[in-house]
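Read off the chains here:
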Amino acid sequence: MPTIICEIFIDAPIDLCFDLSRDVTIHTKTTGQTKEKAVDGKTNGLLNKGDCVTWEATHFGIRQKLTAKIIEMEKPYTFKDVMVSGAFHSFTHTHHFKVQGTGTLVRDEFVYRSPLGILGKLADVLFLERYMINFLKQRSHELKRIAESQRIQI
C-alpha cells in the first residue's frame with residue numbers, strides 16, 4: 001500500500017492549525033482544485049471523533065463522493081480519518097501537529113489501497129500516487145496561507 005507523507009511548517013499556534021485542519025468550511029477552501037463540498041453527515045463546523053462527512057468532489061474529471069469518519073483524536077496533536085465509502089479500496093489519513101519554534105509542523109500521513117487489484121497498482125505507478133502527493137501538498141499550502149493570515153489578525 002502506498003504511503004504518502006507531506007510536511008509543512010506553519011507560522012501559527014498548534015491549536016489554530018489543528019482546528020483549521022478539522023474545520024469543514026476551511027477544508028472546502030483548501031481543496032478548490034477539486035471543488036470539494038460536504039454533502040452529508042457533518043457539513044459544517046469542527047470535526048470530532050466519531051463524526052462522518054461525505055465529500056463530493058471532482059477527480060480526473062469525474063464527480064464522485066467519498067465518506068470519511070474521524071476514528072481517533074488527541075487534541076491538538078493528532079487526528080485520524082478513514083474512508084468509509086468511496087473510490088479507494090481503503091485509506092487512512094493521519095494528521096500530526098507538533099510545536100516547532102514559533103509555529104507548528106504539520107505532517108500528513110496518507111496510506112491507501114487502490115481499487116481494481118493489479119490495475120489499481122498500475123494506476124498508482126502511472127499517475128495516482130503523484131496526483132495524491134500534489135493534492136495533499138496543495139491543500140497544505142492553502143492551510144498554511146489561511147493559518148498564517150489568521151495569526152496576523154490575532
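Whatever comes next refers back to the structure up there.
*Asks:* Would you mind going over the overall build of the chain with me for this structure?
*Replies:* The secondary structure content of the chain amounts to three helices and seven strands. Secondary structure elements in the chain, listed N-terminal to C-terminal, are β-α-α-β-β-β-β-β-β-α. In terms of overall size, the chain behaves like a compact globule, its C-alpha atoms giving a radius of gyration of 15 Å where 154 residues would be expected to give roughly 15 Å. Projecting the C-alpha coordinates of the chain onto the three principal axes gives extents of approximately 50 × 30 × 25 Å.

*Asks:* Would you explain the nonpolar core in this entry?
*Replies:* The nonpolar side chains of soluble globular proteins are, as a tendency, buried together. Counting 34 residues, the largest nonpolar core has Ile 10, Phe 88 and Phe 110 as the members making the most contacts within it. Looking at this core, the element that brings in the most residues is helix 3 (residues 117-153), giving seven residues. With near-sequence residues (within four places) excluded, Ile 10 lies in contact with Cys 17, Gly 103, Thr 104, Val 106, Leu 143, Lys 144, Ala 147 and Glu 148.

*Asks:* What should I look at first to understand the packing of aromatic side chains in this one?
*Replies:* Within a pair of aromatic rings, the relevant descriptors are the distance that separates the centres and the angle that separates the planes. Applying the stated criterion to the full structure yields ten aromatic pairs. Residues Phe 60 and Tyr 131 carry aromatic rings whose centres are separated by 4.3 Å and whose planes lie at 35° to one another, so their mutual orientation is tilted. Pair noted here: Phe 60 is in the loop between strand 3 (52-59) and strand 4 (62-74) and Tyr 131 is in helix 3, with a separation of 71 residues, a long-range link. Judged by relative accessible area, which is 44%, Phe 60 ranks as partly exposed.

*Asks:* So what exactly am I meant to see when it comes to helix 1 (residues 14-21) here?
*Replies:* Note on helix geometry: an α-helix contains 3.6 residues per turn, so any two residues three or four positions apart are oriented the same way. In terms of burial, helix 1 is a largely internal element, six of the eight residues being buried. For helix 1, every residue scored as buried is listed here: Ile 14, Leu 16, Cys 17, Phe 18, Leu 20 and Ser 21.

*Asks:* In this structure, what is going on with the pattern of salt bridges? I would like to understand it.
*Replies:* When the charged atoms of two side chains lie near each other, side chains of opposite charge can form a pair. Enumeration over the complete set of coordinates arrives at eight salt bridges. Between Glu 56 and Lys 37 there is a salt bridge; the shortest N-O distance is 3.9 Å. On the criterion of sequence distance, the pair formed by Glu 56 in strand 3 and Lys 37 in strand 2 (residues 37-41) is long-range, its members being 19 residues apart. The exposure class of Glu 56 is buried, given its relative accessible area of 18%. When the shortest N-O distance is used, the salt bridge between Glu 142 and Arg 145 registers 2.9 Å. You can see Glu 142 and its partner Arg 145 sitting in helix 3, three residues apart, about one turn around the helix. The network of salt bridges with shared partners includes Glu 7, Arg 107 and Glu 109.

Cut-offs applied
- Residues numbered from 1 in each chain as written.
- Predicted model: local features only at pLDDT ≥ 70, side-chain atom pairs only at ≥ 80, totals over all residues.
- Heavy atoms only, no water.
- Helix = DSSP H or I, 4+ residues; strand = E, 2+ residues; numbered from the N terminus.
- Rg over C-alpha atoms; globule rule 2.2 N^0.38 Å.
- Core = buried A, V, L, I, M, F, W, Y, C linked by side-chain atoms within 4.5 Å.
- Buried < 20%, exposed > 50% of the residue type's maximum accessible area, 1.4 Å probe, protein only.
- Contact = heavy atoms within 4.5 Å.
- Phe/Tyr/Trp six-rings, centres within 6.5 Å; stacked < 30°, edge-to-face > 60°.
- Salt bridge = Lys/Arg side-chain N within 4 Å of Asp/Glu carboxyl O.

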